[in-house]
Structure formats: structure tokens, C-alpha cells
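Geometric and topological summary
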Amino acid sequence: MKARGLPVKNLIGRPGRTAALVLLTAFLALSVFGGSLVVRSLRSGLESLEARLGADIIVMPASAESKVSFQNLLLQGTAGAFYMDAGTLERVSEVEGVEIAAPQTFLASLKADCCAIKVQIIGIDPALDFTVKPWIDESYSGTLGDMDLAVGCNVTAGVGETLRVYDRNCHVVARLAETGTGLDTAVYCNMDTMRALLAAAEEKGVSHKITSDTSDLISAVYVKVKDGYDVGLVNNKLNGHVRKATAVRARSMFTDVSDSLTGISRTVSLLAGAVCALAFVILLIAFAMMVGERRREFAVLRLLGASRRGLSGLMLAESALCSLVGGLLGVGVAALGVFPFTALIESRLGLPYLTPSAGAVLAMAAVTLLVTLVVGAAASAWAAWRLSRTDPGTTLREGA
């Protein structure tokens, strides 16, 4: 007897039971795929942040910590505005173990013409910089000239457009790749441009408490330590040698972020595991209840010539179809619930968040469908085995 079309007919014939099984497997797939996507995005964001930073130590004014969290400086790119003497760069470079010291200057603009939020402007020295410039080089082969800007991917100004900042026309020459952090809303310029913007801000009445010439100011020094030197020892030397400044190991800030991410990952994994276990138990109960409900149906099929293996395959096929439909539904709902709200998720968690590549997302979806199919098959296997071994004659006589 050929029973190729029976699984679909049985599912259509019992819409209530079928819908319940599909919804249960959909909830399982939603939990597994949604949780995996969020955790993978957080890990991608952290990896991207580490790759973009590239510095072992950050030196900032001693007063900066009271104005901004050093961790927020990394995660959100909202450094604000604080300054120290440009001579700090030379003093940092003198410390034994320092391979490269690159200055940066920060300026928070007012609401810019291009967007609805404040823009963090970061000035770099292209000749020394080893953190931002490699990132800029990925999308722009030239050198940042005077009044040129490289903008983060979330700044709406496009390449070739003019961005007006403090009544100065700046030209956008590059858009940078996404990092999943607040750096995506920042703009970058050379130091000459930054000095012009600092002066323009002062002229507009935006006081940054600058007491010296803008050419003598920087906000931070990013340090790369020479190979063979202990980062912690170099950090201690910097704190002892550079007055009115604080040196902080970048790795210590990443450790805090990584610990938060580990905690979130563990929680999501436990929830996903609990959902899998709960779904398995409920599916097991559902299929067990179906044993009594379908005994006569299977007995008739046996008398019509169906083999025990065929009946087991029928039950497993029905389970696979429900799991596949439910899995696809759950993955789709999870995608609709996560992708449109990446910015909200990032802001709520306070962690770097970068959506994985399309290939990685498809791989996660495939694994989710496999998990759903395996759970459904495992839950129906016992019921399939029990039904296939029921004596058809006895079953029909009992129901007579």
C-alpha cells in the first residue's frame, strides 16, 4: 500500500491538532533562533569593537572620568568634550614600551543639519593614527584634507554631500563600515579641521572651557605597546610619568563588556534549553495522546497492507511536516521581531550590537530548523513505535 499522501491528508483532516503542533514548534524555533541571533550579534559587535580600537592603553585627562564613563567611550562613541595639553603626546611617547602614540580630539556638535541627534566629531592625526585610519582606508583611498569628513554608517549625509557644523561647510568624503556601536554616529576629521571647528564653536558661544589656543589641545592619546613589553607595567609607568592624566588599559574595559555578554549568553542558553525541554515534553504528551486516538486508524491501515515500518514512517513524516512548518514560522517571526529593532536592542542592552552576515544568519536558521526537526522526531518516535506494534485484529475487536 502506498501511503505517500497520507501525512498531508491526516494533518489537513485534523486542523486543530495540526495547528497546536505547528504553534508549539514555532515557539521552539522562535526562542532558539531569536536567542542565537541576539547573542551572535552581541559577539560580532564586541569583535568589531576590538578590531576597530586596536589600542592597548588610552590616556585621557584625569578629570575626564567625572564627565564620561571610559566604557561608554568605547561602546557609544559619546566622548563629549574634555581637553589636555598637546604636550601630553610627547610625554606619553617618552615612556619606555610605547611603540605608537596617536592623539585624538573630541567635539560634540549641536544638532547637525544631517540628522536628528548630536554628532560626535573626532579629530585624528592621519600620520600617527592606527585605530581609525585603517577603518577609513577600507572605504576611502585618499587622505582626509582640510574640512573633509569621514562619517559613520548611521549618519545620513552621503559621500559628496556637505555637512554644516558650527556654520562651517564640511565635505563628506567617506562612509565607514558598521561597527554596531555609537561610533557609527560619529564623524572623523584631521586635526586642522578640528581646530577650525573648535574655534567656530567658541565663536557660536558654545564654551568648552578652553583656556589656551586650540592648536595646543587634545582629548586622548591612544597607545600601542611594543612587543615583549607588559601592558600593565607600561600602563603603570604612564600613570606615574604623565601628570594630570589617567592611563586605562583597553583590555580591562573589554573584560567588563565580555563579562556582561557572557552573562547574557548564559541566560539565553538556559532559556533556550528550557524551551527545548518543555517543547519535547509537551510534544511527547501530545503524541502519546494520539496513540489512543489513532489506534483504529492504524489497525485499518495494517489490514489494508501497510507495513509496521510504513506506519512508523507515517507518524514521523507528520511530525516532520509540523516541525518544518512551525520552524519556518518561528524563524520568520523571530526575524521580524529582531532585525527592525537592532538600534533599540543595542540601546537597551548597552552593549555593541552588530548583525551577522547573511550567510551566518542563514546558517543559524538552518540549525534552528534542524533542532526543531530533531525535537519533533524524538517526541514522535515512541508513539510511532507503539502504534506500529499494535495488533490490528485485537484493536478492531476492542472497538466493535
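Everything that follows concerns the structure shown earlier in this document.
Everything quoted here is computed from the prediction, not taken from an experiment.

What counts as what
- Residues numbered from 1 in each chain as written.
- Predicted model: local features only at pLDDT ≥ 70, side-chain atom pairs only at ≥ 80, totals over all residues.
- Heavy atoms only, no water.
- Helix = DSSP H or I, 4+ residues; strand = E, 2+ residues; numbered from the N terminus.
- Buried < 20%, exposed > 50% of the residue type's maximum accessible area, 1.4 Å probe, protein only.
- Contact = heavy atoms within 4.5 Å.
- Areas by Shrake-Rupley, 256 points an atom, 1.4 Å probe, with all protein chains shown as cover.
- Polar contact = N/O pair within 3.5 Å; in protein donor to acceptor, adjacent residues only side chain to side chain.
- Core = buried A, V, L, I, M, F, W, Y, C linked by side-chain atoms within 4.5 Å.
- Salt bridge = Lys/Arg side-chain N within 4 Å of Asp/Glu carboxyl O.
- Arc of directions from axis to C-beta.
- Pairing = 2+ DSSP bridges.
- Phe/Tyr/Trp six-rings, centres within 6.5 Å; stacked < 30°, edge-to-face > 60°.
- Expected span 1.5 Å × (residues − 1).

**As for the overall build of the protein chain**
Check the secondary structure of the protein chain and you find 13 helices and 11 strands. Buried residues in the protein chain amount to 48% of all 400 residues. In the protein chain, 79% of the contacts between residues at least 6 apart in sequence involve partners at least 24 apart. Within the structure as shown, the protein chain displays about 18,900 Å² of accessible surface, and the carbon and sulfur contribution to it stands at 58%.

**Structural notes on unusual backbone geometry**
Peptide bonds are, in most cases, trans, and in most cases residues other than glycine have a negative phi. The phi dihedral of M147 falls on the positive side, at around 65°, and the residue is not glycine. Note on placement: M147 falls in the loop between α5 (133-137) and β5 (148-151). Even without a glycine there, the phi angle at K244 is positive, about 55°. Within the secondary structure, K244 is located in the loop between α7 (231-241) and β11 (245-249). What makes K244 exposed here is its relative accessible area of 69%.

**Some thoughts on the side chain of S219**
Assignment of secondary structure puts S219 in the loop between β9 (217-218) and β10 (220-225). A relative accessible area of 0% means that S219 is categorised as buried. A polar contact is formed between the side chain of S219 and the backbone oxygen of F82, at a distance of 2.7 Å. Of note is the side chain of S219, whose polar atom sits 2.9 Å from the backbone nitrogen of F106. Residues contacting S219, with those up to four places away along its chain left out, are V59, M60, P61, F82, Y83, M84, Q104, T105 and F106.

**Considering the nonpolar core**
Here is a general trend for soluble globular proteins: nonpolar side chains tend to be buried in one another's company. I136, A150, Y188 and Y222 are the most contacted members of the largest nonpolar core, which totals 24 residues. Among the elements of the structure, β1 (57-61), β3 (98-111), β4 (118-124), α5, β7 (168-175), β8 (186-190) and β10 are those that each provide at least two residues to this core. Not counting residues within four places of it along the chain, the set of residues in contact with A150 comprises I136, L144, A174, L176, A186, V187 and Y188. Core analysis: the second largest hydrophobic core is formed by 22 residues, L107, I121, L149 and L197 among them.

**So, the pattern of salt bridges**
When charged atoms on two side chains of opposite charge get close, those side chains can pair. Scanning the model with the defined rule gives 5 salt bridges in all. Here K237 makes a salt bridge to E96, at a shortest N to O gap of 3.6 Å. In this pair, K237 is assigned in helix α7 and E96 in the loop between α4 (87-94) and β3, connecting sequence segments 141 residues apart. For E96, a relative accessible area of 48% translates into the label partly exposed. A salt bridge links D192 to R195; the shortest N-O distance between them is 2.7 Å. A residue pair is termed a helical-turn pair when its members lie 3 or 4 positions apart in one helix, as D192 and R195 do in helix α6 (residues 191-203) at 3 residues. A relative accessible area of 29% means that R195 is categorised as partly exposed.

**With respect to the environment of N154**
On the secondary structure map, N154 appears in the loop between β5 and β6 (162-165). Here N154 is in contact with R175, D184 and T185, once residues within four sequence places are set aside.

**Let's talk about α7**
Of the positions making up α7, those classed as buried are V231, G232, V234, N235 and L238. The buried residues of α7 occupy an angular sector of 160° when projected down its axis, which confines them to one face. Turned more than 90 degrees away from the buried face of α7 sit L233, N236 and G240, all of them exposed.

**Regarding the environment of L37**
Relative to the assigned elements, L37 resides in helix α2 (residues 15-53). When the C-alpha atoms of L37 and A360 are compared, they prove to be 9.4 Å apart, with 323 residues separating the residues in sequence. Apart from residues no more than four positions distant in its own chain, L37 is found in contact with V338, F339, Y353, P356, V361 and M364.

**Quick word on the pairing of β10**
Among the 6 residues in β10, 5 count as buried, and that is most of the element. As defined by bridge partners, β1 adjoins β10 across 3 bridges and the pair is classed as antiparallel. Counterpart to V59 in the pairing with β10 is V221.

**Section: the packing of aromatic side chains**
Across all of its chains, the model carries 2 aromatic pairs by this definition. Measuring from centroid to centroid gives 5.7 Å for F82 and F106, while their planes differ by 80°, and the two rings are edge-to-face. Taken together, the residues F82 in the loop between α3 (70-75) and β2 (84-85) and F106 in strand β3 connect sequence positions 24 residues apart. With respect to burial, F82 and F106 carry one shared label: buried.

**Quick word on α6**
In this model, α6 (13 residues) spans 18 Å end to end at C-alpha, consistent with the 18 Å of a helix rising 1.5 Å per residue. Looking only at α6, the buried set comprises M191, T193, M194, L197, L198, A200 and A201.

**Let's talk about the environment of L271**
Along the chain, L271 turns up in helix α8 (residues 250-293). You can call L271 exposed: its relative accessible area is 53%. Considering only alpha carbons, one finds L271 and V32, 239 residues apart in sequence, at a separation of 8.9 Å.

**Describing the side chain of T368**
Looking at the secondary structure, you find T368 in helix α12 (residues 358-388). The exposure class of T368 is buried, given its relative accessible area of 1%. In this structure the side chain of T368 is engaged in a polar contact, spanning 2.8 Å, whose partner is the backbone oxygen of M364. Residue contacts for T368: discarding those within four places in its chain leaves A29, V32, F33 and V331.

So yeah, pure geometry; function would need other evidence.
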